[in-house]
Amino acid sequence: MLGESVMIGLRQDGYAVDWVRDAEQGLAAAHTHAYEAILLDLGLPRGDGLMMLRQLRKGGQTTPVLIITARDGIAQRVTGLDAGADDYLLKPFDLDELSARIRAVVRRSQGLTPGTCLMVGEVQLDVAAKRCLLEGQGVELTAREFMLLRVLMERAGRVVSRGDLESALFDWGSEVDSNVIEVYVSQLRRKLGKDFIRTRRGQGYCVESAAP
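What follows is about the pattern of salt bridges. Under the defined criterion, the tally for this structure stands at 14 salt bridges. Between Lys 194 and Asp 195 there is a salt bridge, and its shortest N-O distance comes to 3.5 Å. Under the relative-accessibility criterion, Lys 194 is labelled exposed at 63%. Taking the relative accessible area as the measure of exposure, Asp 195 reaches 42% and is therefore partly exposed.

Have a look at this one:
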């Protein structure tokens, strides 16, 4: 019940979420996909969360990990932090606080601070505040439009494949229309200018590192 409610809440907050049910599946997912953060319950079947965390760090995995644990588990919290966790949250917790903690560990892992903005040409993206400005004026974006734009601006000057964009926007098992990325790109072009996002035929999309 906790896992399902967290998954639903984070998806409503604009995250793409993959939920696995045990440590073995968690290790496989972490080694297969590039995640911005891992939310790790310490009480897992088929190997506990601390074991999973130690294996991730031993294998060189640097993805930020936020552990959740029972209120009386002080020793577990200390052990989890020593094992390489970036933060912890006590059960029961508020979904707004969880989302804020995730944003914080992701910012730290990327070297960002509150107020740090991505800039490409006249487009400014405040990652923490989830705000987009064009020539200083606010632009309303949906959660997925914002995420797609963020991925492109973080990799400004480089081509991002359709597959990478789909992975950033959608969860495992989502039924994704073949043209869904083209639809979001088209919507962003209407809002930011038709030349802001460039198509590299057969490769993907990019935004220039300088103003187009």
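We now examine the nonpolar core. Formed by 29 residues in total, the largest nonpolar core has its most connected members in Leu 148 and Leu 149. Of all the secondary structure elements, the ones that give two or more residues to this core are β4 (117–120), β5 (123–126), α6 (143–154), α7 (162–169) and α8 (180–192). In this view, Leu 149 contacts Val 123, Leu 125, Cys 132, Leu 141, Leu 188, Leu 192 and Phe 196; residues no more than four positions away in its chain are not counted. In terms of nonpolar packing, the next biggest core, distinct from the first, is built from 14 residues, Ile 38, Leu 42, Leu 56 and Val 65 among them.

Within the open sheet, the three strands sit side by side as β1-β2-β3. Their pairing is parallel. Strands at the two margins of the open sheet, each flanked by one partner only, are β1 (38–41) and β3 (87–91). Mean inter-strand twist for the sheet, computed between neighbouring axes without regard to direction, equals 25°. With four bridges joining them, β1 and strand β2 (residues 65–70) adopt parallel strand pairing. Following the sheet pairing, Leu 39 is matched in β2 by Leu 66.

The subject of this paragraph is α8. Taking 1.5 Å of rise per residue, 13 residues should cover 18 Å, and α8 covers 18 Å from first to last C-alpha, within 8% of that figure. Residues of α8 that are buried make contact with β5, β6 (131–134), β7 (137–139), α6, α7 and β9 (204–206).

This paragraph deals with the layout of surface pockets. If you add up the space inside the largest pocket, you get close to 1400 Å³. Along the walls of the largest pocket sit 44 residues, with Ala 16, Asp 18, Tyr 35, Glu 36 and Ala 37 positioned nearest its centre. Those elements giving two or more residues to the lining of the largest pocket turn out to be α1 (2–12), α2 (23–32), β1, β2, α5 (95–109), α6 and α7. Tallying contributions element by element places α1 first for the lining of the largest pocket, with five residues. Residue classes in the lining of the largest pocket are distributed as 28 nonpolar, six polar and ten charged. Its volume calculated, the second largest pocket comes out at about 330 Å³. Around the second largest pocket, the lining is made up of 23 residues, and of these Val 127, Lys 130, Phe 146, Met 147 and Arg 150 lie nearest the centre. Where the lining of the second largest pocket is concerned, the elements lending two or more residues are α5, β6 and α6. Per-class residue counts for the lining of the second largest pocket are twelve nonpolar, three polar and eight charged.

We now examine the sheet that holds β6. Adjacent strands of a sheet form backbone hydrogen bonds with each other and so pair up, either parallel or antiparallel. Here four strands make up an open sheet; going across it, the order is β4-β5-β6-β7 and the pairing antiparallel. Of all strands in the sheet, those with a lone pairing partner are β4 and β7, marking the two edges. For this sheet, the mean inter-axis angle between neighbouring strands, taken without regard to orientation, is 25°. Note that β5 and β6 share four bridges and pair antiparallel. Counterpart to Val 123 in the pairing with β6 is Leu 134.

To continue, consider the pairing of β6. Hairpin connection between β5 and β6: a loop of four residues separates the two successive antiparallel strands, and Lys 130 in this loop has a positive phi of roughly 55°. Inspection of the sheet shows β6 paired to β7 by three bridges, in the antiparallel sense. The residue of β7 that forms the bridge with Leu 133 is Gly 138. Taking the residues that link successive antiparallel strands as the turn, the β6-β7 hairpin has two residues, and the phi of Glu 135 there is positive, at about 50°.

Reading the values: the criteria
- Residues numbered from 1 in each chain as written.
- Predicted model: local features only at pLDDT ≥ 70, side-chain atom pairs only at ≥ 80, totals over all residues.
- Heavy atoms only, no water.
- Salt bridge = Lys/Arg side-chain N within 4 Å of Asp/Glu carboxyl O.
- Buried < 20%, exposed > 50% of the residue type's maximum accessible area, 1.4 Å probe, protein only.
- Core = buried A, V, L, I, M, F, W, Y, C linked by side-chain atoms within 4.5 Å.
- Helix = DSSP H or I, 4+ residues; strand = E, 2+ residues; numbered from the N terminus.
- Contact = heavy atoms within 4.5 Å.
- Pairing = 2+ DSSP bridges.
- Axes fitted to C-alpha atoms, helices over the stretch in contact; angles between N-to-C directions.
- Expected span 1.5 Å × (residues − 1).
- 1 Å grid on protein atoms, 1.4 Å probe; cavity = no way out; pocket = protein on both sides within 12 Å on 5 of 7 lines; lining within 4 Å.
- Points joined across faces, edges and corners; volume = space filled by probe spheres on them.
- Nonpolar A, V, L, I, M, F, W, Y, C, P; charged D, E, K, R; others polar.

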